[in-house]
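As a plain string of letters, each chain reads:
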Amino acid sequence: MALRSEMDQYLTSIMQPQNYVDYSPNGLQVQGKEEVHVLVSGVSACQALLDQAIACQADVILVHHGYFWRSEPVEVTGIKYQRLSTLLTHNINLFAYHIPLDANTIFGNNVQLAKHLKLPLIGPLSSHKEDALILHGEYKEPISLEALGACIETGLQRAPLIIAGGDHPIKRIAWCTGAGQEFFAKAIDAGMDCFITGEVSEYCVHMAREAKVHFISAGHHATERYGVKALGDHLAEAFDIKHQFIDIDSPV
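Residues numbered from 1 in each chain as written. Predicted model: local features only at pLDDT ≥ 70, side-chain atom pairs only at ≥ 80, totals over all residues. Heavy atoms only, no water.

Asks: Just to check I follow, could you spell out the overall build of the chain for this structure?
Replies: When its secondary structure is counted, the chain shows ten helices and 13 strands. The C-alpha atoms of the chain give 19 Å as radius of gyration, which agrees with the globular expectation for 252 residues (18 Å, within 12%). In terms of overall dimensions, the chain has a C-alpha envelope of 55 × 35 × 35 Å along the principal axes. Across the 252 residues of the chain, 51% fall into the buried class. A separation of at least 24 residues holds for 67% of the contacts in the chain among residues at least 6 apart in sequence. (Helix = DSSP H or I, 4+ residues; strand = E, 2+ residues; numbered from the N terminus. Rg over C-alpha atoms; globule rule 2.2 N^0.38 Å. Buried < 20%, exposed > 50% of the residue type's maximum accessible area, 1.4 Å probe, protein only. Contact = heavy atoms within 4.5 Å.)

Written as structure tokens, this is what we have:
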């Protein structure tokens, strides 16, 4: 058994949310019971995750995508009301870490994706703070775009969208999980052969073809499953509690 207050302090110490400017609050978003026996983790705090967490008798839910986003309406109605009502009725705590979980060097989405897909991790794309979310690496032996695509499809159990930037093999590679397509230009400027992210925008197609840099969209949800699971596993070990990662399927 653990205490919510102890878990809150511990998470703050390792995730350091105070170091990031984010689109939503990081940390304890909804307060529930003080004693924690069962932790459930998932990518997004959707109703389906809440319902399955209740079935697991969860005391804490840990997610990457939580609530109270900067651009959302402040009124507690509709879907927001239903979700918050579910948590409050069952006295379940909700912890959410967005950018801090992307950037964390141990449990982060980018680091964990590299581990899962066996990407050749070197570190952040540059020493600039704004590049901390972009990781890069270099293969010892070049790999073909087709082989990398097959590796991603097997690892993520999802066929990626591949935009070829030519017919050249891949030596230098960069990646950013989730909606990281805005960083494609940085990867191009850094001399990468290929860039992997979760989502894709229309302009990425033309950039890939004209810059001759491969672009791979592997799925927002699919690329961000591994950080929150790794963090949940760590908390279970640190506090001697039960943990279950629940993967709510998403094609995006």
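Asks: Is there a simple way to think about helix H3 (residues 78-89) in this case?
Replies: Side chains that are three or four residues apart share a direction in an α-helix, a result of its 3.6 residues per turn. Across its twelve residues, H3 extends 16 Å between first and last C-alpha, which sits within 8% of the 16 Å expected from 1.5 Å per residue. Considered for burial, the residues of H3 that qualify are Lys80, Leu84, Thr86 and Leu87. Burial along H3 is one-sided: seen end-on, the buried residues are contained in an arc of 155°. Those residues of H3 that are exposed and aimed more than 90 degrees away from the buried face are Gly78 and Thr89. Backbone geometry just after H3 places Asn91 at a positive phi near 55°. (Expected span 1.5 Å × (residues − 1). Arc of directions from axis to C-beta.)

Asks: Please explain the sheet that holds strand E8 (residues 135-143) as it appears in this structure.
Replies: Backbone hydrogen bonds are what pair the strands of a sheet, in a parallel or an antiparallel way. Strands sit in the order E7-E8-E10-E11-E12-E9 across an open sheet of six strands; the sheet is mixed. Edge positions in the sheet fall to strand E7 (121-124) and strand E9 (161-163), since each of these pairs with one other strand and no more. Averaged over all adjacent pairs, the angle separating strand axes in this sheet is 20°, with direction ignored. (Pairing = 2+ DSSP bridges. Axes fitted to C-alpha atoms, helices over the stretch in contact; angles between N-to-C directions.)

Asks: Just to check I follow, could you spell out the packing of helix H5 (residues 109-117) against helix H10 (residues 226-239) for this structure?
Replies: For any two helices packed against each other, one specifies the inter-axial angle together with the distance between the axes. Running from N to C, H5 and H10 point in directions that differ by 95°, and their axes come no closer than 7 Å. When the axis of H5 is compared with that of H10, the two are roughly perpendicular. Note on element contacts: H10 touches H5 through Tyr226, Gly227, Val228 and Ala230, opposite Asn109, Gln112, Leu113 and His116. Split into classes, the residues belonging to the contact of H5 with H10 amount to four nonpolar, four polar and no charged. (Parallel < 35°, antiparallel > 145°, perpendicular 65-115°, else oblique. Nonpolar A, V, L, I, M, F, W, Y, C, P; charged D, E, K, R; others polar.)

Asks: What am I meant to see in the layout of surface pockets here?
Replies: Empty space among the atoms can be located by rolling a probe the size of a water molecule over them. The calculated volume of the largest pocket comes to roughly 710 Å³. Tyr23, His98, Ile99, Asp102 and Leu133 are, among the 28 residues lining the largest pocket, the residues nearest its centre. A breakdown of the residues in the lining of the largest pocket according to their chemical character gives 13 nonpolar, nine polar and six charged. (1 Å grid on protein atoms, 1.4 Å probe; cavity = no way out; pocket = protein on both sides within 12 Å on 5 of 7 lines; lining within 4 Å. Points joined across faces, edges and corners; volume = space filled by probe spheres on them.)

Asks: What's the story with helix H2 (residues 47-55) in this structure? I'm lost.
Replies: Listed in full, the buried residues belonging to H2 are Leu49, Leu50 and Ala53. Down the axis, H2 shows its buried residues gathered within 100° of arc, on one side only. Residues of H2 that are buried in the fold lie against strand E4 (38-44), strand E5 (60-65) and H3.

Asks: So what exactly am I meant to see when it comes to the packing of aromatic side chains here?
Replies: Working definition: an aromatic ring pair is given by the centre-to-centre distance plus the angle between the planes. One pass over the structure, following the stated rule, counts five aromatic pairs. When the centroid spacing of 6.1 Å and the interplanar angle of 85° are considered together, the rings of Tyr67 and Phe68 count as edge-to-face. By relative accessible area, Tyr67 is classed as buried at 7%. The class of Phe68 is partly exposed, set by a relative accessible area of 32%. Here the aromatic rings of Phe195 and Phe215 are separated by 6.1 Å at their centres, their planes lie at 45°, and the arrangement is tilted. Of the two residues, Phe195 sits in strand E11 (residues 194-197) while Phe215 sits in strand E12 (residues 214-217), which places them 20 residues apart along the sequence. (Phe/Tyr/Trp six-rings, centres within 6.5 Å; stacked < 30°, edge-to-face > 60°.)

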